[in-house]
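Here is how the chains run, residue by residue.
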Amino acid sequence: MTRLELRGITKRFPGVIANQDISLKAEPGQVLALVGENGAGKTTLMNILYGLYQPDDGQILLDDKPVKFKGPGDAIAAGIGMVHQHFMLVPVFTVYENVILGVEPTGAAGVIKTKVARDEVIEISNRYGLAVDPDALVEDLPVGIRQRVEIIKVLLRGAQVLVFDEPTSVLTPQEVEEFFVIVKELRDAGKTIIFITHKLKEAISFSNQIVVLRGGQVVGSADPKTVSEEEVAAMMVGREVDLVVDKEVARVGEVKLRVRNLMVVDDYGRPLVDGVTFDLKGGEIVGVAGVQGNGQTELVEVITGLRQPAKGQVELLGVDVTFKSARERHALGMAHVPEDRQDMGMVGAFSVMENLILDSYYSPTFAGAITLKRQPIAKNAVDLVEQFDIRPPMPAVAASTLSGGNQQKMIVAREFSRDVPVIVCSQPTRGVDVGSIEYIHAQIVAKRDQGAAVLVVSTELDEVIALSDRILVMFQGRVVAERVTSETSPTELGLYMAGRTN
Amino acid sequence: MAEQPGRAGLDARDETLGQESVQGASVRAAVMQSFAVDRLDWRTAFLVPGLAIFSALVIGGLILMATGSSFSDVLSAYRALFMGAFGSWRAISETLVAATPLILAGLAVALAFRAGLFNIGGEGQILIGGLFAVILGFSISGVPAPLHITLALLGGVLGGAIWGAIPGYLKAKTGAHEVITTIMLNFIALRLLDYLLLRSFIQREGRNDPVSESILPSAQLPRFLTPVDPSLRVHIGIFIAIAIAALTQWLLFRTKLGFEMRAVGANPVAAKYAGINVGRSYVITMAIAGGMAGVAGALQILGVLGRATPGFSARLGFDGIAVALLGRSNPYGVVLAALLFGALRAGGQEMQATANVGIDIIAVIQALIIIFVAAPALIRAIYRVKASSAQAPISKGWSG
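## Side note on the overall build of chain A
Stage number 1. When you go through chain A residue by residue, the secondary structure sums to 17 helices and 20 strands.
Stage number 2. Computed over C-alpha atoms, the radius of gyration of chain A comes to 25 Å, within 12% of the 23 Å expected from 2.2 N^0.38 for 502 residues, which places it in the range of a compact globule.
Stage number 3. With the C-alpha coordinates aligned to their principal axes, the bounding extent of chain A is approximately 70 × 50 × 50 Å.
Stage number 4. Here chain A, with 502 residues, has 48% of them falling under the buried criterion.
Stage number 5. In chain A, 68% of the contacts between residues at least 6 apart in sequence involve partners at least 24 apart.

Shown next, in the form of structure tokens:
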């Protein structure tokens, strides 16, 4: 028996075919990874499965019977559960209140049977090993636990097919591991799991079958036991992809950025960054590895002038900039690719052209004493869009309409096009498709080869290892290890990331 | 792959002619489109507001009919409304007189809105601006009219700017929400005026009630339709208001300061990361917005009222919020919206006088227009208008 089958699903939007003749099958107890670049049609397909869109052509079959969903209500009733990338929870409600929201067991006069509801939630979380306190407030829970609440929600609604949209993008490495333990648990209980991802390693490690989408079509499917990351990447992108960053031996120059005994404390005086000291030299890439939330964000904020340290010193090109503004550091020669592109790196409502001058609009190149110089601004945009292959190549469109990868290329274009000696990149490729990752990595290495000092902060250990000449590992605000990349291993670094001390 | 990025392209002189012309064309195209992400397409600019006005008039008519008027009564009332707004020199004059301060009050809201601030304080800024103008208007004597008018207007700008900058500063320094502080400053301005109007240096001699000295003739704004009819009140303030609207458009889209304001308004976090001083932007924005509202107050004093009385702002500051909404925070949209509201106000007087329909119905119609404009989905659903792709939000709630 086939639990879920899609036959020839086609969905057209004005001007694009989002899904074209897509067919796939999933059995009970199967984990299917749906991979593809941004814009490959993964989300559209899942929205069709969830009843948010109706296909123009094709059929959905559940247990070999054709079904039609007019909305998510129909899909849920038929046993399809969706866990979105951004959770749909009420923060001020407790776990069990969130779980029963919309399907409250009620007695006379609509009074909620609290005990029945709690017991149901506890029963489900025990059955599938989803340890959650039913009475905890959701706002107090870490992201990984919130995801469990979402899973309990769909299970309570009788889901047989569980769809996860980028389930690991917001999780820490430990939470990712725990998540896949849960997935195994669900699989063994006979559920069908579909997870959408562009992390190839996860697709290969945790699925029974990989289906690759490109340009709205299924371009292949692969057995994760026999396929390599490179092969899947090539299918996704449509050409050979180099997942290894090519770089020559670093020609290290003089110190460009000197960080001394940096302390950052939170509002309660607890240390977030605790005595960090390092030098960054021209011509080298230094990576900062660590699980999210171990002080990397605050360290970058202090280095780039967005936050004041409690103690310590930052020296840029021999100038003490500890108390200088972000603008002054920028002018002195620092570029910054912030960790969250949508919130920190760009103004979505602005055009690509405006975003490309977001931090240099005031410079004599782009502005006089009062007014902006429209011609140079436009020329800058046309040039950068071409050089950095930003698509669509239209400087006038609003940045919010670009795909994540192109938004990131736009930010990288803005920061890298200036001839600056020090570059700080936070999460340079988070949520970016494979093709853009390759491109951005190459740009970072190119900057280093031109003599820039580059600091790369990333929670993806693979990325840090691939790019860096030297690696600092942060744990609880401290640098707990410093290693030359060629003399260490992911295992060793992983141990330091998990808190091992020297 | 590792192509050398750089701003080398900025200096394109050494490129071949062929490339130059291709690139020149795309640069020109980019210039034309670029800063016009904001350019309104006709559908957003006119169709939805037009249909909103039409719908509001229909519902207003239904309300009249439900309360005892016949269909022909409604038609004659609306005819009187139209004639009172546009049907004669007097009508046009009154429409413009009413529209003049509304343009500026609307701009004061629209500019702040673009910069991420909800300026509810137009009322207080108008009062303080008007207060400064009236003091300068009666206390300086012996200067030529152009100078006197300029001084009094600048006084209005200064008063409004101070009153606007206070909430901007409080937000920048302490995070106090401008909606709360501007509302409170409205009350303070209102009562401060009441108090000052009874002080001897402002109160008109020989009066016990709160009324200021009258401004001197040299501070009065010239009325430019007096050759047609000496009683026509329209004054040069309308040109000042329209010029300030044009200046606002220029400020927002052509200047460094406007770029900063719009960046802060659209994404304050990204603006901060780009090195923009967000707090400074709040203070400057509120000072400019307050200054514009201050001019509205000054124009009322120097062009229409001639003296200050308690609450002379007459809710202009609040109507400015409606005007900014209807004009979608676009300076030229604000001008058109203010003209419409001015027309409704002028026509409403005529409607009340000749068709015996209370002017209160005009307030109802104005409110209905705003509801329809604030909920464009409603109009689209009724008339099956397709949404335009570049839909600028006209309200974004209370988030600061």
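## Section: the overall build of chain B
Stage number 1. Within chain B one finds 15 helices and zero strands.
Stage number 2. In chain B, buried positions account for 50% of the 400 residues.
Stage number 3. Within chain B, contacts between residues separated by at least 24 positions form 76% of all contacts whose residues are at least 6 apart in sequence.

## Thoughts on the packing of helix 5 (residues 143-156) of chain A against helix 6 (residues 173-188) of chain A
Two quantities define a packed helix pair, namely the angle between the axes and the distance from one axis to the other.
Residue and element names in this part refer to chain A.
Stage number 1. One can describe the packing of helix 5 onto helix 6 by two numbers: an axis separation of 10 Å at closest approach and a directional angle of 20°. Here helix 6 runs roughly parallel to helix 5, going by the angle between their axes. Where helix 5 crosses over helix 6, the two elements pack in a sense that is right-handed. In this structure, helix 5 uses V143, G144, Q147 and I151 to contact helix 6, whose residues at the interface are E175, E178, F179 and I182.
Stage number 2. When grouped by side-chain class, the residues that make up the contact of helix 5 with helix 6 number four nonpolar, two polar and two charged.

## Points about the nonpolar core
Stage number 1. In terms of nonpolar packing, the biggest core is built from 269 residues, with V163 and V473 of chain A together with L104 and M292 of chain B touching the most fellow members.
Stage number 2. Among all residues touching M292 of chain B, those that are not within four sequence positions of it are L104, L107, A108, L111, G160 and I244 of chain B.

## Some words on the domain arrangement of chain A
The extent of an interface is frequently quoted as the accessible surface area lost upon association of the parts.
Residue and element names in this part refer to chain A.
Stage number 1. Splitting chain A by domain gives domain 1 (4-237), domain 2 (242-333 + 420-502) and domain 3 (345-419).
Stage number 2. For domain 1 versus domain 2, the distance between C-alpha centres works out to 35 Å.
Stage number 3. Contacts between the two partners involve eleven residues from domain 1 and, on the opposite side, seven residues from domain 2.
Stage number 4. Looking at side-chain class alone, the side of domain 1 that touches domain 2 contains four nonpolar, four polar and three charged residues.

## Comments concerning the sheet that holds strand 9 (residues 209-214) of chain A
Residues and elements named next belong to chain A.
Stage number 1. The strand order across the open sheet formed by six strands is 6-7-8-3-9-10, and the pairing between neighbours is mixed. Two strands close off the open sheet at either side, each with one partner strand: strand 6 (80-83) and strand 10 (217-222). Strand-to-strand twist across the sheet, computed as the mean angle between neighbouring axes with direction ignored, equals 20°.
Stage number 2. Direction of pairing for strand 6 relative to strand 7 (residues 161-165): parallel, over a ladder of four bridges. Within strand 7, the residue paired with G81 across the bridge is L162.
Stage number 3. In the packing of helix 1 (residues 42-49) onto the sheet, contacts are made with strand 3 (31-35), strand 6, strand 7, strand 8 (192-197) and strand 9, and the angle to strand 7 comes to roughly 150°.
Stage number 4. Sheet strands touched by helix 5: strand 6 and strand 7. Its angle to strand 6, the strand with the most contacts, is close to 165°.

## Some words on the pairing of strand 18 (residues 453-457) of chain A
Residue and element names in this part refer to chain A.
Stage number 1. The buried count for strand 18 comes to five of five residues, which makes it a mostly enclosed element.
Stage number 2. Side chains A453, L455 and V457 of strand 18 all project onto a buried face; the interleaved residues V454 and V456 project onto the opposite face, where all are buried too.
Stage number 3. Of the strand pairs in this sheet, strand 13 (residues 285-289) and strand 18 are connected by four bridges, and their pairing is parallel. Within strand 18, the residue paired with V288 across the bridge is V457.
Stage number 4. Examined bridge by bridge, strand 17 (residues 422-426) and strand 18 share five bridges and lie parallel to one another. Bridge pairing in strand 18 places S426 opposite V457.
Stage number 5. Crossover strand 17 to strand 18 through helix 15 (residues 434-449) is right-handed.

## Considerations on the packing of helix 5 (residues 122-139) of chain B against helix 12 (residues 316-326) of chain B
Residue and element names in this part refer to chain B.
Stage number 1. Where helix 5 contacts helix 12, the two axes come as close as 6 Å, and the packing angle between them is 130°. On the basis of the axis angle, helix 5 is oblique to helix 12. Remark: the crossing between helix 5 and helix 12 carries right-handed chirality. Residues G122, E123, Q125 and I126 of helix 5 pack against L316, G317, F318 and G320 of helix 12.
Stage number 2. Tallied by class, the residues present in the contact of helix 5 with helix 12 amount to three nonpolar, four polar and one charged.

## With respect to helix 7 (residues 178-196) of chain B
All names here are of chain B.
Stage number 1. Over its 19 residues, helix 7 runs 26 Å from end to end, which matches the ideal 27 Å to within 8%, given 1.5 Å per residue.
Stage number 2. Residues of helix 7 that are buried: E178, T181, T182, L185, N186, A189 and L193. Buried positions in helix 7, seen along its axis, are confined to an arc of 150° and lie on one side of it. Among the exposed residues of helix 7, those oriented more than 90 degrees off its buried face are F187, R191 and Y195.

## Looking at the pairing of strand 17 of chain A
If a strand is regular, its side chains alternate between the two faces of the sheet.
All names here are of chain A.
Stage number 1. Burial analysis of strand 17 places five of its five residues in the buried class, which makes it a mostly covered element.
Stage number 2. In strand 17, alternate side chains face the same way, and those of V422, V424 and S426 on one face and I423 and C425 on the other are all buried.
Stage number 3. Bridge count between strand 16 (residues 334-337) and strand 17: four bridges; the pairing is parallel. Within strand 17, the position partnered with M334 by the bridge is V422.

## Thoughts on the sheet that holds strand 17 of chain A
All names here are of chain A.
Stage number 1. An order of 16-17-18-13-19-20 is seen for the six strands of this open sheet, with the pairing classed as mixed. Edge positions in the sheet fall to strand 16 and strand 20 (478-484), since each of these pairs with one other strand and no more. Taken over all neighbouring pairs, the strand axes of this sheet differ in orientation by 15° on average, direction set aside.
Stage number 2. Across the face of the sheet, helix 9 (residues 296-304) comes into contact with strand 13, strand 16, strand 17, strand 18 and strand 19 (470-475) while running at roughly 150° to strand 17.
Stage number 3. Where helix 15 meets the sheet, its contacts fall on strand 13, strand 17 and strand 18, and the angle it forms with strand 18 comes to roughly 150°.

## Quick notes on the environment of I377 of chain A
Residue and element names in this part refer to chain A.
Stage number 1. For I377, the location among the structural elements is in helix 13 (residues 374-387).
Stage number 2. It is 8.8 Å that separates the C-alpha atoms of I377 and A367, two residues lying ten residues apart in sequence.
Stage number 3. Those residues within four positions of I377 in sequence are excluded, and the remaining contacts are M353, I357, F366 and L372.

## With respect to helix 4 (residues 114-127) of chain A
Residues and elements named next belong to chain A.
Stage number 1. Over its 14 residues, helix 4 runs 20 Å from end to end, which matches the ideal 20 Å to within 8%, given 1.5 Å per residue.
Stage number 2. Those residues of helix 4 lying buried are A117, V121 and S125. Each buried residue of helix 4 lies within a common arc of 60° when the element is viewed along its axis, so the set occupies one face. What points out from helix 4, more than 90 degrees from its buried face, is the exposed set K115, E123, N126 and R127.
Stage number 3. If you follow the buried residues of helix 4, they end up packed against helix 3 (95-100) and helix 5.
Stage number 4. Downstream of helix 4 by one or two residues, G129 has phi in the positive range, about 65°.

## Notes on the environment of F206 of chain A
Residues and elements named next belong to chain A.
Stage number 1. If you trace the backbone, F206 turns up in helix 7 (residues 200-206).
Stage number 2. What makes F206 buried here is the crowd of 21 C-beta atoms within 10 Å.
Stage number 3. Distance in space between the C-alpha atoms of F206 and L402 is 31 Å, their sequence separation being 196 residues.
Stage number 4. Setting aside residues up to four positions removed in sequence, F206 forms contacts with V31, F180 and V183.

## Re unusual backbone geometry
Stage number 1. Here the amide bond leading from R391 of chain A into P392 of chain A is cis, since omega sits at -5°, within 30 degrees of zero.
Stage number 2. By secondary structure assignment, the location of P392 of chain A is in the loop between helix 13 and helix 14 (404-416).
Stage number 3. With phi around 45°, Q427 of chain A is a residue other than glycine that occupies positive phi space.
Stage number 4. With respect to the helices and strands, the residue Q427 of chain A is situated in the loop between strand 17 and helix 15.
Stage number 5. Although it is not a glycine, R328 of chain B sits at a positive phi angle of roughly 55°.
Stage number 6. Note that R328 of chain B resides in the loop between helix 12 and helix 13 (331-354).

## Things to note about the confidence of the model for chain B
All names here are of chain B.
Stage number 1. Confidence in the prediction for chain B averages 87 pLDDT; 85% of positions are at 70 or higher.
Stage number 2. Segment residues 1-21 is flagged for pLDDT under 50; beyond a separation of four residues in sequence, or across chains, it makes 26 contacts in the model.
Stage number 3. Note that pLDDT drops below 50 for residues 388-400; the model gives that stretch 15 contacts with residues more than four away or on any other chain.
Stage number 4. Model confidence for the complex is summarised by a pTM of 0.81, with the ipTM given as 0.83.

The rules we used
- Residues numbered from 1 in each chain as written.
- Chains lettered and ligands numbered in written order.
- Predicted model: local features only at pLDDT ≥ 70, side-chain atom pairs only at ≥ 80, totals over all residues.
- Helix = DSSP H or I, 4+ residues; strand = E, 2+ residues; numbered from the N terminus.
- Rg over C-alpha atoms; globule rule 2.2 N^0.38 Å.
- Buried ≥ 20, exposed ≤ 12 C-beta atoms within 10 Å, placed from the backbone.
- Contact = placed C-beta atoms within 7 Å.
- Axes fitted to C-alpha atoms, helices over the stretch in contact; angles between N-to-C directions.
- Parallel < 35°, antiparallel > 145°, perpendicular 65-115°, else oblique.
- Left-handed = near helix turned anticlockwise from the far one by under 90°.
- Nonpolar A, V, L, I, M, F, W, Y, C, P; charged D, E, K, R; others polar.
- Core = buried A, V, L, I, M, F, W, Y, C linked by C-beta atoms within 7 Å.
- Domains from an automatic or database assignment.
- Pairing = 2+ DSSP bridges.
- Right-handed = clockwise from strand over helix to strand, strands pointing away.
- Expected span 1.5 Å × (residues − 1).
- Arc of directions from axis to C-beta.
- pLDDT = per-residue confidence, 0-100.

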